[in-house]
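Here is how the chains run, residue by residue.
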Amino acid sequence: HQPRSGVVTIDEFGFDYDGNVDSRTADLLRLAKEMNPEMKIGVWQMRGPVAPKLAGAYRDVVDIVLMETYVGSNDLWAIGMQLKAAELNGLGDRSIVGLGAGRCARDHVNWATTKEEMEEQMRFVRLIAPNSPGVGFFAVGGNMETQPITLSGIDEICSRWDQLPTDGRGLRPELF
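Residues numbered from 1 in each chain as written. Predicted model: local features only at pLDDT ≥ 70, side-chain atom pairs only at ≥ 80, totals over all residues. Heavy atoms only, no water.

A. Inspection of the layout of surface pockets at higher detail. Here the largest pocket defines a volume of roughly 380 Å³. Breaking the lining of the largest pocket down by element, the ones donating at least two residues are strand 1 (6-13) and strand 3 (64-69). A volume near 270 Å³ is recorded for the second largest pocket. Every residue lining the second largest pocket is counted, 15 residues in all, and those nearest its centre are Leu83, Glu87, Gly92, Ile128 and Ala129. With five residues, helix 3 (residues 77-88) is the largest single contributor of residues to the lining of the second largest pocket. A breakdown of the residues in the lining of the second largest pocket according to their chemical character gives six nonpolar, five polar and four charged. (1 Å grid on protein atoms, 1.4 Å probe; cavity = no way out; pocket = protein on both sides within 12 Å on 5 of 7 lines; lining within 4 Å. Points joined across faces, edges and corners; volume = space filled by probe spheres on them. Helix = DSSP H or I, 4+ residues; strand = E, 2+ residues; numbered from the N terminus. Nonpolar A, V, L, I, M, F, W, Y, C, P; charged D, E, K, R; others polar.)

Okay, here's the thing in structure tokens:
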């Protein structure tokens, strides 16, 4: 085989908390990196804590962990829990949250359905993780087609990421 550089991002990690699927996944991540040492690997970690064996594989070979955190305006502290879970597993330096845009088609739950709600979530990330390099997003056209949120609106907020305050200014007082 010929080693190649590049980037691969894979979804739905953290399926069974170090059960058969997670153990096999950890082995495959290590094997993929061994076969292609220059390859950059990103994984989408399902909501909840990262299991110890899987966290070890992430520390060894993964470049970025996107912590799936699809929440509405009443669940913002779940963002903090995801980032703290990453930090406790030694992954704080390579983890960012993945925020949901629109409405979850499967569960019919509203995530950030307006630009204002998405900005509040991003301001919250800046408050609890001021050194985070950014955020990731899960947004599918079908999730957003009946919602006022748009990809261009999200992009506009992202363009101001470094200017969003890290002291909580602009957040609702009840979040404190």
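B. The arrangement of the nonpolar core in detail. Ranked by internal contacts, the top residues of the largest apolar core, which has 23 residues, are Ile79, Val97, Leu99, Met118, Met122, Val135 and Ile149. Elements supplying a minimum of two residues to this core: helix 3, strand 4 (95-100), helix 4 (115-128) and helix 6 (151-158). No other element matches the four residues that helix 4 contributes to this core. Discounting chain neighbours no more than four positions away, the residues touching Val135 are Ile96, Val97, Leu99, Met122, Val125 and Trp161. Among the nonpolar cores identified, the runner-up in size contains 17 residues, and Ile41, Val43, Ala55 and Val61 belong to it. (Core = buried A, V, L, I, M, F, W, Y, C linked by side-chain atoms within 4.5 Å. Buried < 20%, exposed > 50% of the residue type's maximum accessible area, 1.4 Å probe, protein only. Contact = heavy atoms within 4.5 Å.)

C. Focus on helix 3. The first and last C-alpha atoms of helix 3 sit 16 Å apart over twelve residues, in line with the 16 Å expected at 1.5 Å per residue. For helix 3, the secondary structure elements touched by its buried residues are strand 3, strand 4 and helix 4. Once helix 3 ends, the next one or two residues include Gly90, with phi positive near 75°. (Expected span 1.5 Å × (residues − 1).)

D. The sheet that holds strand 1, seen in detail. Reading across the sheet, the five strands line up as 1-2-3-4-5 and stay open at both edges, with parallel pairing between neighbours. In this open sheet, the two strands that pair with only one neighbour each are strand 1 and strand 5 (136-138). Going from strand to strand, the sheet's axes swing by 25° on average, the running direction of each strand aside. As judged from the six bridges shared by strand 1 and strand 2 (residues 39-45), these two strands associate in the parallel manner. Among the inter-strand pairings, Thr9 is bridged to a residue of strand 2, identified as Gly42. In the packing of helix 1 (residues 20-35) onto the sheet, contacts are made with strand 1 and strand 2, and the angle to strand 2 comes to roughly 160°. The sheet strands contacting helix 4 are strand 4 and strand 5, and the helix crosses strand 4 at an angle near 165°. (Pairing = 2+ DSSP bridges. Axes fitted to C-alpha atoms, helices over the stretch in contact; angles between N-to-C directions.)

E. Representation of the pattern of salt bridges within the structure. Taken as a whole and assessed by the stated rule, the structure comprises twelve salt bridges. Where Arg172 meets Glu120, a salt bridge forms, and the shortest distance between an N and an O atom there is 2.6 Å. With Arg172 in the segment after helix 6 and Glu120 in helix 4, this pair connects stretches of sequence that are 52 residues apart. By relative accessible area, Arg172 is classed as partly exposed at 24%. (Salt bridge = Lys/Arg side-chain N within 4 Å of Asp/Glu carboxyl O.)

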